[in-house]
Amino acid sequence: LINASLCLPPNNLPTAIKPFVGRSVDMRDIMHSFTAKKNQSCRILNLYGDAGVGKSAIAVMAARYLNDRKIYFKNGIYYVNTIKLLARHDARSLQEMLIHVVKQSVAEYKHRMSSADADADMAATISGDANYDKNLSLTSNLRLFCRYGLFIIDDIDQLVVYYKAHGLDVKQELFDVIFKVLLTVSEKIKFIIISKKICNEIFQYNSNSQLTPKTFLLKRLSSTDCSK
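So, a few notes on the structure that sits alongside this text. For clarity, every value in this text was computed on a predicted model and none was experimentally measured. (Residues numbered from 1 in each chain as written. Predicted model: local features only at pLDDT ≥ 70, side-chain atom pairs only at ≥ 80, totals over all residues. Heavy atoms only, no water.)

## Thoughts on helix H1 (residues 24-35)
Look at H1: 16 Å from first C-alpha to last across 12 residues, which is about the 16 Å you get at 1.5 Å a residue. Listing the buried residues of H1 in full gives Met27, Ile30, Met31, Ser33, Phe34 and Thr35. Axial view of H1: buried residues confined to an arc of 165 degrees, hence all on one face. Contacts from the buried residues of H1 go to strand E1 (44-48), helix H2 (55-69), strand E3 (150-154), strand E4 (190-195) and strand E5 (214-217). (Helix = DSSP H or I, 4+ residues; strand = E, 2+ residues; numbered from the N terminus. Expected span 1.5 Å × (residues − 1). Buried < 20%, exposed > 50% of the residue type's maximum accessible area, 1.4 Å probe, protein only. Arc of directions from axis to C-beta. Contact = heavy atoms within 4.5 Å.)

Spelled out as structure tokens, the structure:
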């Protein structure tokens, strides 16, 4: 059920994907991978599959479902379209990308929030004075107003390729940022990272057993699936 009396949490999610058929079971399984009681310790989900299989679409639709219900991620769901951000020169490092989407989403949330429909918990954490403080670090800002949030990092493998091509330290610029957010902001922060193949680096650079990622392979739909 959707509680229509509460303002939606901050988000920058794309509009609903239409048509979107044949993925109800996969969408349920993806959400259960980190929201079901037995899986609540899961902090990172690597959603992977062939190009064009629908990874971004199902991640967006699952996120919209969760955001509409305002239960699991009351401080917002943030979609990081790495390829678009790079192409627009809005951000280059993952830290810059996270800052960009959070600042934009929180600003838009505050603009549409009114005293009549604002969630009391959100109003307390994102008050009229709670702007993104450029003098604070990313993690310090997130501790102020995003302790219950979900970040979706799309095309992370393409970001790895970009960093390597430009001589950037992939571990420092990308994966250390993810682990730092997870370890220093809140145990309620979670990430979905999307890639064509299993993102081996997320395992290679992880030194904390409590952050061991789960993986989810999204397969192509069969003609039978599409008819459902």
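Still to come is the rest of the account.
## Let's talk about the sheet that holds E3
Read across the open sheet, the 5 strands follow the order E2-E3-E4-E1-E5; overall the sheet is parallel. Sheet topology places strand E2 (77-81) and E5 at the edges, where each strand pairs with a single neighbour. Neighbour-to-neighbour, the strand axes of this sheet turn through a mean angle of 15 degrees, independent of strand direction. Summarising the sheet, E1 and E4 pair through 5 bridges and their orientation is parallel. In the strand pairing of E4, Leu45 is matched with Ile192. Sitting on the sheet, helix H7 (residues 156-165) is in contact with E3 and E4, with an inclination near 75 degrees to E4. In the packing of helix H8 (residues 170-184) onto the sheet, the strands contacted are E1 and E4, and the crossing angle to E4 comes to about 160 degrees. (Pairing = 2+ DSSP bridges. Axes fitted to C-alpha atoms, helices over the stretch in contact; angles between N-to-C directions.)

## A few points about the packing of aromatic side chains
Under the counting rule described, the total for this entry stands at 5 aromatic pairs. Ring plane angle 45 degrees and centroid distance 5.7 Å describe the contact between Phe175 and Tyr205, whose orientation is recorded as tilted. Separated by 30 residues along the polypeptide, Phe175 in helix H8 and Tyr205 in the loop between helix H9 (200-204) and E5 bring together distant segments of the chain. Owing to a relative accessible area of 23%, Tyr205 belongs among the partly exposed residues under this scheme. (Phe/Tyr/Trp six-rings, centres within 6.5 Å; stacked < 30°, edge-to-face > 60°.)

## Looking at the pattern of salt bridges
Throughout the structure, instances matching the rule amount to 3 salt bridges. The residue Arg28 makes a salt bridge to Asp29 at a minimum N-O spacing of 2.9 Å. A relative accessible area of 27% places Asp29 in the partly exposed class. As a salt-bridge pair, Asp176 and Lys171 come within 3.2 Å of each other at their nearest N and O atoms. On the accessibility criterion, Asp176 (28% relative accessible area) is partly exposed. The partly exposed category is assigned to Lys171, whose relative accessible area is 34%. (Salt bridge = Lys/Arg side-chain N within 4 Å of Asp/Glu carboxyl O.)

## Details of the packing of helix H4 (residues 94-112) against helix H6 (residues 138-145)
A pair of packed helices is captured by two measures, namely the crossing angle of their axes and the spacing between those axes. Their axes nearest at 11 Å, the elements H4 and H6 cross at an angle of 30 degrees. Classified by the angle their axes make, H4 and H6 are roughly parallel. For the pair H4 and H6, the sense of crossing is left-handed. Facing Gln95, Leu98, Ile99, Val102 and Val106 of H4, the residues of H6 in contact are Leu138, Leu142 and Phe145. Considering only residue class, the contact of H4 with H6 consists of 7 nonpolar, 1 polar and no charged. (Parallel < 35°, antiparallel > 145°, perpendicular 65-115°, else oblique. Left-handed = near helix turned anticlockwise from the far one by under 90°. Nonpolar A, V, L, I, M, F, W, Y, C, P; charged D, E, K, R; others polar.)

## What about the nonpolar core?
Counting 37 residues, the largest nonpolar core has Leu94, Leu98, Phe151, Ile153, Leu174, Phe175 and Ile178 as the members making the most contacts within it. Of the residues forming this core, the biggest block, 8 residues, is contributed by H8. Excluding residues that lie within four positions of it along the chain, Leu174 makes contacts with Leu94, Ile156, Leu159, Val160, Tyr163 and Asp169. Counting 25 residues, the second largest nonpolar core, distinct from the first, contains Leu47, Val53, Phe73 and Ile77. (Core = buried A, V, L, I, M, F, W, Y, C linked by side-chain atoms within 4.5 Å.)

## Focus: the pairing of E2
Of all 5 residues making up E2, 5 are buried, and the element is well covered by its neighbours. Side chains Ile77, Tyr79 and Asn81 project from E2 onto one buried face, and the interleaved Tyr78 and Val80 project onto a second face that is buried too. Relative to E3, E2 runs parallel, the two being bridged by 5 bridges. In the sheet register, Tyr78 faces E3, and the bridge partner there is Phe151.

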